[in-house]
Amino acid sequence: MKKIYVIWSFLDVFNGFFYQILTKNTYSPYFFLKCSTFYFGINKEDQISIKLLKLGFKYMILTVSKPWSEIRDACKQWDLQTVAVISCGSCSAQCGTGGTEGLKKIVDSLEQDGIQIAASIVIEEPCDKRLVKTDLRHIQNETQKIDGYIVASCGMGAQTVREVTDKPVIITTDTIMMSQTERIGLYHEKCRACGKCVLNETGGICPITACAKSLLNGPCGGVIDGKCEMGGYQNDCGWVAIYNRLKKLDKLELFSKVRPPRDWSLVTKRSTVNQRKEMKDYYACEE
Ligand code: SF4
Ligand code: SF4
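Residues numbered from 1 in each chain as written. Chains lettered and ligands numbered in written order. Predicted model: local features only at pLDDT ≥ 70, side-chain atom pairs only at ≥ 80, totals over all residues.

> For this particular structure, what's the right way to read the overall build of the protein chain?
Across its full length, the protein chain holds 11 helices and 14 strands. Burial analysis of the protein chain (287 residues in total) assigns 29% to the buried set. (Helix = DSSP H or I, 4+ residues; strand = E, 2+ residues; numbered from the N terminus. Buried ≥ 20, exposed ≤ 12 C-beta atoms within 10 Å, placed from the backbone.)

> Would you mind showing me how to read the site of ligand 1 here?
Close contacts around ligand 1 come from C191, R192, A193, C194, C197, V198, L199, C206, I208 and T209, and that covers them all. Looking at the shell around ligand 1 residue by residue, the class counts come to 8 nonpolar, 1 polar and 1 charged. (Near = placed C-beta within 6 Å. Nonpolar A, V, L, I, M, F, W, Y, C, P; charged D, E, K, R; others polar.)

> Would you take a moment to explain the confidence of the model for the protein chain for this structure?
Fine structural detail should not be taken from predicted coordinates in areas where pLDDT scores are low. On average, residues of the protein chain carry a pLDDT of 82, and 76% of them reach 70 or more. Confidence over residues 9-17 falls short of pLDDT 50; this stretch has 9 contacts with residues more than four positions distant or in other chains. Within the model, pLDDT remains below 50 along residues 23-58, and this stretch shows 88 contacts once partners closer than five positions in the same chain are excluded. (pLDDT = per-residue confidence, 0-100. Contact = placed C-beta atoms within 7 Å.)

> Can you walk me through the sheet that holds strand β8 (residues 148-152) in this structure?
Backbone-to-backbone hydrogen bonds pair the strands of a sheet. The strands run either parallel or antiparallel. Strand order in the open sheet formed by 4 strands is β7-β6-β8-β9, with parallel pairing between adjacent strands. Whereas interior strands pair on both sides, the edge strands pair on one side only; in this sheet they are β7 (116-123) and β9 (169-171). Here the average twist between neighbouring strands, direction ignored, is 20°. In the sheet, strand β6 (residues 82-88) pairs with β8 via 5 bridges, with the strands oriented parallel. Across the sheet, residue A84 finds its bridge partner in β8, namely Y149. This element, helix α6 (residues 155-163), spans β6, β8 and β9 of the sheet and lies at about 170° to β9. (Pairing = 2+ DSSP bridges. Axes fitted to C-alpha atoms, helices over the stretch in contact; angles between N-to-C directions.)

> Can you walk me through the site of ligand 2 in this structure?
Around ligand 2 there are 15 residues in total, and C211, G218, C220, C228 and C237 lie nearest to it. The residue makeup of the shell around ligand 2, split by class, is 10 nonpolar, 3 polar and 2 charged.

> Is there a simple way to think about the environment of I86 in this case?
Here I86 is to be found in strand β6. Its 31 C-beta neighbours within 10 Å are what place I86 among the buried residues.

> What am I meant to see in the pairing of β6 here?
Successive side chains on a regular strand alternate, one facing one side of the sheet and the next facing the other. Counting buried positions along β6 gives 6 out of 7 residues, so the element sits mostly inside the fold. With 7 bridges connecting them, β6 and β7 associate as parallel partners. If you follow I86 over to β7, its bridge partner there is I121.

> Just checking my understanding: could you explain the environment of Q116 for this structure?
Its location among the elements puts Q116 in strand β7. Along the backbone, Q116 and A84 are 32 residues apart, and their C-alpha atoms lie at a distance of 8.6 Å. Not counting the four nearest positions on each side in its chain, Q116 is found in contact with Q81 and T82.

Right, dumping it as structure tokens:
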């Protein structure tokens, strides 16, 4: 019998609670609408995927699907005969690389290649270790004899799955950027989490993402009529945009400031963030 679930509440905490109950036996894509969240689920036996309603969402890590030949080669390399497929119900669902849509395509392709699917599941946010642990418990019987996991998510989700299992994990996507959403289907890269933000000196425009060479002092000699040489003078030069912005704000003295080379140690330093400890240290310094 087909069952379709629709849950709505104003508080995410309740939605998360219901979601956990539903995902135990369902494929459950969901979407966000303003401050409230809706979840849709369809009875697992029916194997039906419903289209994710793209009305709005909270954040976005953009992914694109790897060529299937690359995934096939990885499966061969790791001797995967029987697998469980995990699909991201958040950002990757929005990109079409995950969610029920992505999951179905992957399951079909694996089956065509003769690989057995022991279980398949959409996890709300595979980058959240708590959710991954909980959801994998729901399929623990099916996954006892698998050779590995196929994960349709960004690199964070795949690595989270890898951390809670001793089986091989194959990722089906390439992660391309953290993005700002202008509207559904139109995204801009605005930050690369470089570890030393210079927005206060550049009029709020990030040179790491706005300049094709990520220069901290620009523009370089490759600018002609405000266009960047990289990409054949199609795109605006980020440093000309910074100049124009600072000029408009009457802060051109910041443009002349020479910034030292980027400190790359800051990029790699923050592989782990202990927010509770950092906030404690921060407030201890302030006192
Ligand atoms: S400088 Fe750019 S990349 Fe670095 S933290 Fe600021 S916005 Fe992000
Ligand atoms: S032309 Fe401008 S955007 Fe392009 S690399 Fe040079 S400084 Fe960066």
